[in-house]
Amino acid sequence: MAIEINSAALYGIEGLLVKVEVDIAKGMPSFNIVGLADTAVKEAKERVRAAIINSGYTFPIGRITVNLAPANIKKVGSMFDLPIAIGILACSGYINEKELFNYLFIGELSLSGEIRAVKGALNLVMEGSKNNIKNFIVPEKNKEECSLIKEIGIYNFSSLEQCVNFLLFKDCLPYCNSNNEQKPFIQEFDFQDIIGQISCKRALEIACAGGHNVLMFGPPGVGKTMLAKRVPSIMPPLSYNEAVEVTRIYSVSGKVHSEEALIKKRPFRSPHHSSSTYALIGGGNDLKAGEVTLAHKGVLFLDELLEFKKESLEALRQPLEDRLINISRQSGSVSYPANFMFIGALNPCPCGKYTFKEFYNQCSCSEKEIERYLKKLSGPLLDRIDIYTYVAPVNFNDINNNVKSEASSTIRDRVISARKIQEERFKKNNISCNAEMTHSHLTKFCILSEKCTLLMKKIYETYNLSTRAYDRILKVARTICDLRGKDLIEEGDIIEAVNYRKFLDNKIC
């Protein structure tokens, strides 16, 4: 008679309940794992055999068959080691099988019987909880993240022997972490460190207030990277639900630290320009999450934007628009969340010395060289960026005037106030900020006066804008209005929003 053990597998960032069925029959000694298992799962039989023997138990001699149901979905990873070992020991009479139905088991085994941490433990426990399983046996190093799920029992062990003793004697209480609530943290960077750049700081404040995408351009060394690194310091703190959502992604990617399970800071991802399209978007044979997913609810910063491969930049178009990335490969299809704020930084020409002030301009590039350099930025990609801001060289007087800039905490207070207005506005619309509005939301929440309508008509016709660019101007104007704490968009809001769509030679995108 086969024994069933509850476990779970990962599919993208979602969990999938798996029944580990173990049967030991008479016949020629063998050990087979079936149920569409990948190489890591099939190799479990060697780890399980050594772990059982080295933990002081007798490995059964017979025909051992392990089935991972449902058998039509591919199983990836090492989280099935522990449930397979428990199933074999139950078949051998070491454990009472009636005690196993109420537990879900996950964990990788070492040859010595140690239970090692697995990726995605939080997601697996969440799936079990959805299926009315209340008790979970997990590796000790995964206990912090698993304890984020409330009203369940988390039993953590560091070895197979400890786990078996617990199942026999019930000699410990479930782990309960009372430290999961958000605590204030110290920002590493502050806008107070930035000299000058008032217009850029204003643009980034508007971007954070509405969740808008930003493109910064200017000569090298003027502070583009410094500005971008300080953007998280003026963003609203993660809510508890957002923090759990981000933690789920990092858990699947194996990036959660055992000592602090809940990720409390907004992600800031800054991949190098030599990164492949797979690293940026996600994919590969094992359908891993890419940088766009790791930046979910945070910032994706691409420094030296035009040094990235053109195909990598074009691959950003869908996640920038849909805030979701769908990956289809021969090994399967998954969907990952990708709701991030995009910040790009680039030099205006190959030598980087071109400026819009003749006094500073020392550019040696020809027009054809600049045109060829900028060709990587396609129109559809530029259309998906809400705010363009020129980062100018800092005047000598600004460097030596010893006047302190506005602190991040002050700017963040204004951003949080604007976000609260949007939260109240969109509470019945399943979106969180102005940047996520669709055209139907714009007609409802961006009502224009007659003067503003005539102004938008003139802008639309004069600059031959696309419908998407028109919508994005309205979204930015709505955010500027929210920062003022007003209900109705005014002409000044629209004019400021249009100015943030000027790119390079004052061309409106």
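Residues numbered from 1 in each chain as written. Predicted model: local features only at pLDDT ≥ 70, side-chain atom pairs only at ≥ 80, totals over all residues. Heavy atoms only, no water.

The subject of this paragraph is the overall build of the chain. For the chain, the count of helices and strands is 21 helices and 20 strands. Expressed along its principal axes, the backbone C-alpha trace of the chain runs to roughly 85 × 45 × 45 Å. Expressed as a percentage of contacts within the chain between residues at least 6 apart in sequence, the contacts between residues at least 24 apart total 74%. Accessible surface for the chain amounts to roughly 23900 Å². Of this, 50% is attributable to carbon and sulfur atoms. One way to put it: in the chain the 65 positive side-chain charges average out to a point 2 Å from where the 59 negative ones average out. (Helix = DSSP H or I, 4+ residues; strand = E, 2+ residues; numbered from the N terminus. Contact = heavy atoms within 4.5 Å. Areas by Shrake-Rupley, 256 points an atom, 1.4 Å probe, with all protein chains shown as cover. Lys, Arg positive; Asp, Glu negative; His and termini not counted. Charge placed at Lys NZ, Arg CZ, Asp CG, Glu CD.)

Residues Lys310, Lys368, Arg372 and Lys375 make up a contiguous surface patch of positive charge. Mapped onto the secondary structure, lysine 368 falls in helix 14 (residues 367-374). (Patch = residues over 30% accessible without salt bridge, like charges linked within 9 Å, V, L, I, M, F, W, Y side chains within 5 Å. Salt bridge = Lys/Arg side-chain N within 4 Å of Asp/Glu carboxyl O.)

Taken N-terminus to C-terminus, the directions of helix 3 (residues 81-91) and helix 6 (residues 160-169) make an angle of 55°; their axes are 11 Å apart at the nearest point. Considering their axes alone, helix 3 and helix 6 lie oblique with respect to each other. Handedness of the crossing formed by helix 3 with helix 6: right-handed. Across from Leu82, Ala85, Ile86 and Leu89 in helix 3, the residues of helix 6 making contact are Leu160, Cys163, Val164 and Leu167. Split into classes, the residues belonging to the contact of helix 3 with helix 6 amount to eight nonpolar, no polar and no charged. (Axes fitted to C-alpha atoms, helices over the stretch in contact; angles between N-to-C directions. Parallel < 35°, antiparallel > 145°, perpendicular 65-115°, else oblique. Left-handed = near helix turned anticlockwise from the far one by under 90°. Nonpolar A, V, L, I, M, F, W, Y, C, P; charged D, E, K, R; others polar.)

Bringing the pairing of strand 15 (residues 324-329) into the picture now. Regular strands show a simple pattern: their side chains alternate between the two faces of the sheet. Bridge analysis of strand 15 against strand 16 (residues 332-337) gives six bridges, and the strand direction is antiparallel. Counted as the bridge partner of isoleucine 325 is tyrosine 336 from strand 16. Counting the residues in the hairpin turn of strand 15 and strand 16 gives two residues. (Pairing = 2+ DSSP bridges.)

We now examine a nonpolar patch on the surface. Taken together, the side chains of Ile195, Phe396 and Ile399 make up a nonpolar region of the molecular surface, amounting to roughly 310 Å² of accessible area. Examined against the element boundaries, isoleucine 399 turns out to sit in helix 16 (residues 396-400).

What follows concerns the packing of helix 4 (residues 121-130) against helix 9 (residues 240-252). The angle between the axes and the distance between the axes are what describe a pair of packed helices. For the pair helix 4 and helix 9, the least separation of the axes is 7 Å and the interaxial angle reads 115°. Taken together, the residues of helix 9 that come into contact with helix 4 (itself represented by Ala121, Leu122, Asn123 and Met126) are Val244, Thr247, Arg248, Ser251 and Val252. Class assignment for the residues of the contact of helix 4 with helix 9 results in five nonpolar, three polar and one charged.

Since the α-helix advances by 3.6 residues per turn, residues separated by three or four positions end up pointing in the same direction. The terminal C-alpha atoms of helix 20 (residues 467-484), which comprises 18 residues, lie 26 Å apart, in line with the 26 Å expected from a rise of 1.5 Å per residue. Among the 18 residues in helix 20, 14 count as buried, and that is most of the element. Just beyond helix 20, the residue with positive phi is glycine 485, at close to 75°. (Expected span 1.5 Å × (residues − 1). Buried < 20%, exposed > 50% of the residue type's maximum accessible area, 1.4 Å probe, protein only.)

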